[in-house]
Amino acid sequence: MKKEIEITVKRALKKIPAGLRHEITLAETIKCVLFQWIREQELIPVPHYRPPRRQEEPLPLVAFKRGGEIVYAFAIAPVVTLGAMKTLKAIEVKEKYFITFSSFKKKVEESKFFLTPDVVHIHLGEESESSLR
């Protein structure tokens, strides 16, 4: 699953012109691609999800089954953030993903300190884009 998500998102990001590769543009593009991918899985995508009666920051995207169970939760940021990790920890979900996209690999590596074993990390760094050409 991790590889499928990574390839799908990287293909979309590759199409964004270099001059438009701003942090918010990349994050929103990743969210849009995942939104469509979730729909293709016949799940319900919910953007900007905040756990009920909780103060944690919202997650960019979660996927629900028709019965209301969360199947996937996605945090998206240039580097791993403590706030998003707190939200991922606060919810019951089958699979948790943290997608990072900073071109500063050292910063991403340092931020991985916040990751927990139940969270799958996908880094969409520039160095691996050549494999999609």
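Keep in mind that what you see is a predicted model, and the values were worked out from it rather than measured.

S.K.: Would you mind going over the packing of aromatic side chains with me for this structure?
M.R.: Geometry of an aromatic ring pair is reported as the spacing of the ring centres plus the angle between the planes. One pass over the full model with this rule turns up 6 aromatic pairs. When the centroid spacing of 5.7 Å and the interplanar angle of 70° are considered together, the rings of Tyr 49 and Phe 64 count as edge-to-face. Placement of the pair is Tyr 49 in strand S1 (residues 44-49) and Phe 64 in strand S2 (residues 59-64), with a sequence separation of 15 residues. Residue classification places Tyr 49 among the buried positions, given a relative accessible area of 13%. With a centroid separation of 5.7 Å and an interplanar angle of 65°, the aromatic rings of Phe 113 and Phe 114 are classed as edge-to-face. Within the aromatic cluster, the residues linked to one another by ring pairs are Trp 37, Tyr 72, Phe 74 and Tyr 97. Lys 107 extends its terminal NZ or CZ atom over the ring of Phe 104, reaching a point 5.7 Å from the ring centre.

S.K.: Please clarify how the pattern of salt bridges should be interpreted in this entry.
M.R.: One pass over the structure, following the stated rule, counts 6 salt bridges. The residue Glu 69 makes a salt bridge to Lys 65 at a minimum N-O spacing of 3.7 Å. For Glu 69, a relative accessible area of 42% corresponds to the partly exposed category. For Asp 118, the salt bridge is made with Lys 96, and the minimal N-O distance between the two is 3.0 Å. Of this pair, Asp 118 sits in the loop between helix H4 (105-111) and strand S5 (119-123) while Lys 96 sits in strand S4 (residues 95-100), placing them 22 residues apart in sequence. With relative accessibility at 43%, the residue Asp 118 sits in the partly exposed group. Through salt bridges with shared partners, a single network forms among Lys 3, Glu 6 and Lys 10.

S.K.: What is the right way to read the packing of helix H1 (residues 2-14) against helix H2 (residues 23-40) from this model?
M.R.: What describes two packed helices is the angle between their axes and the distance between those same axes. Across the interface, H1 lies against H2 with an axial gap of 10 Å and an inter-helix angle of 130°. Of the possible angle classes, the one that applies to H1 and H2 is oblique. Here the hand of the crossing between H1 and H2 comes out right-handed. Across from Glu 4, Ile 5, Thr 8, Val 9, Ala 12 and Leu 13 in H1, the residues of H2 making contact are Leu 26, Thr 29, Ile 30, Val 33, Leu 34 and Trp 37.

Definitions and cut-offs
- Residues numbered from 1 in each chain as written.
- Predicted model: local features only at pLDDT ≥ 70, side-chain atom pairs only at ≥ 80, totals over all residues.
- Heavy atoms only, no water.
- Phe/Tyr/Trp six-rings, centres within 6.5 Å; stacked < 30°, edge-to-face > 60°.
- Helix = DSSP H or I, 4+ residues; strand = E, 2+ residues; numbered from the N terminus.
- Buried < 20%, exposed > 50% of the residue type's maximum accessible area, 1.4 Å probe, protein only.
- Lys NZ or Arg CZ within 6 Å of the ring centre and 35° of its normal.
- Salt bridge = Lys/Arg side-chain N within 4 Å of Asp/Glu carboxyl O.
- Axes fitted to C-alpha atoms, helices over the stretch in contact; angles between N-to-C directions.
- Parallel < 35°, antiparallel > 145°, perpendicular 65-115°, else oblique.
- Left-handed = near helix turned anticlockwise from the far one by under 90°.
- Contact = heavy atoms within 4.5 Å.

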